[in-house]
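# A structural walkthrough
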Amino acid sequence: MNAKNLELKTYITEEKLQEKVAEIGKALSEKFKNKKVTAVCVLKGSFMFYSDLIRHINTDITCEFFGVSSYDGKSSSGEVKVTLDLSTAIEGQHVILIEDIVDTGLTMNYLRKSIESRNPASLTTVSLLEKPEALKVPCKLDYVGFKIINEFVVGYGLDYNGYFRNLPYIAQVQNFQ
Ligand code: IMP
């Protein structure tokens with residue numbers, strides 16, 4: 001039990017997460033060998049995945065942060081609100097967009113359109129998790145860490161009402177009312 005009186009069950013261990021992060025980092029290092037990239041962190045959920053992943057990308061990187069919110073408790077509101085926009089122009093740059101999870105796909109679609117409208121040289125999308133059964137709009141991802149069941153998960157940056165982002169693993173919440 002914890003501060004929110006919820007029971008958590010480990011779903012993806014810290015070790016498995018780190019293995020996958022290294023694997024995606026290696027693939028991105030090969031793809032962007034000798035190129036400069038702008039890595040965009042989608043706040044808040046992807047901050048932990050992002051900071052681990054960029055340490056495995058072996059090329060020149062600048063960091064940007066894009067804050068969006070669409071979740072209310074444990075369901076998507078369907079409406080994407082921008083809480084923090086990029087701080088620099090990305091025109092002509094190779095952009096890697098790094099998300100924590102694709103659920104309905106609405107946020108990723110919104111982000112893709114927003115980034116593409118700024119004319120980057122290329123856009124590569126990465127999500128640590130994807131819930132294929134929850135997709136409401138088609139969503140093209142270049143790299144996905146794990147395809148998961150259509151259940152609410154927390155940890156490794158993902159929250160429930162602001163909590164559990166600090167867990168080093170992904171957990172399923174057992175006793176939602
Ligand atoms: P989408 O727009 O429905 O694809 O939702 C994307 C956003 O919803 C993610 O960036 C997360 O912040 C949040 N989200 C979706 N599923 C979960 C979950 O299982 N746990 C925690 N947050 C989630």
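One can find the structure itself at the top, above this paragraph.
Residues numbered from 1 in each chain as written. Predicted model: local features only at pLDDT ≥ 70, side-chain atom pairs only at ≥ 80, totals over all residues. Heavy atoms only, no water.

Now for the site of the ligand. Neighbouring the ligand are 17 residues, the closest being Asp103, Thr104, Thr107, Lys131 and Val153. With respect to the ligand, the side chain of Glu99 contributes an N or O atom lying 3.3 Å from an oxygen atom. In the environment of the ligand, a nitrogen atom lies 2.6 Å from a nitrogen or oxygen atom belonging to the backbone of Val153. Here the ligand has 490 Å² of accessible area as a free molecule, and 93% of this is covered by the chains. Secondary structure elements with two or more residues in the shell around the ligand: strand S5 (94-102) and helix H3 (106-116). Of the residues forming the shell around the ligand, the biggest block, four residues, is contributed by S5. Broken down by class, the residue content of the shell around the ligand amounts to seven nonpolar, four polar and six charged. (Near = heavy atom within 4 Å. Polar contact = N/O pair within 3.5 Å; in protein donor to acceptor, adjacent residues only side chain to side chain. Areas by Shrake-Rupley, 256 points an atom, 1.4 Å probe, with all protein chains shown as cover. Helix = DSSP H or I, 4+ residues; strand = E, 2+ residues; numbered from the N terminus. Nonpolar A, V, L, I, M, F, W, Y, C, P; charged D, E, K, R; others polar.)

Let's shift gears to the pattern of salt bridges. Throughout the structure, instances matching the rule amount to eight salt bridges. The salt bridge partner of Lys20 is Glu23, with a shortest N-O separation of 3.6 Å. Within this pair, Lys20 and its partner Glu23 are both found in helix H1 (residues 14-31), separated by three residues, close to a single helical turn. Judged by relative accessible area, Glu23 falls into the partly exposed class, the value being 48%. Among the salt bridges present, the one from Glu116 reaches Arg112, with a minimum N-O distance of 3.4 Å. With a gap of four residues between them, Glu116 and Arg112 both fall in helix H3, about one helical turn apart. Here Glu116 falls in the partly exposed class, since its relative accessible area comes to 41%. On the basis of relative accessible area, Arg112 is assigned to the buried category, the value being 15%. (Salt bridge = Lys/Arg side-chain N within 4 Å of Asp/Glu carboxyl O. Buried < 20%, exposed > 50% of the residue type's maximum accessible area, 1.4 Å probe, protein only.)

The subject of this paragraph is H1. Taking 1.5 Å per residue as the helical rise, H1 with its 18 residues ought to reach 26 Å, and the 26 Å between its terminal C-alpha atoms agrees with that figure. When we look at burial in H1, the residues that qualify are Leu17, Lys20, Val21, Ile24, Gly25, Leu28 and Ser29. Next to the buried residues of H1 lie strand S1 (8-12), helix H2 (47-54), S5, strand S6 (122-130), strand S7 (143-147) and strand S9 (170-173). (Expected span 1.5 Å × (residues − 1). Contact = heavy atoms within 4.5 Å.)

Looking now at unusual backbone geometry. Cis geometry marks the peptide bond from Leu43 to Lys44; its omega dihedral reads 0°. For Lys44, the location among the structural elements is in the loop between strand S2 (37-43) and H2. You will see that Asn34, though not glycine, has its phi angle at about 60°, which is positive. The topology assignment puts Asn34 in the loop between H1 and S2. Owing to a relative accessible area of 75%, Asn34 belongs among the exposed residues under this scheme. Backbone geometry places Tyr156, a non-glycine residue, at a positive phi of 50°.

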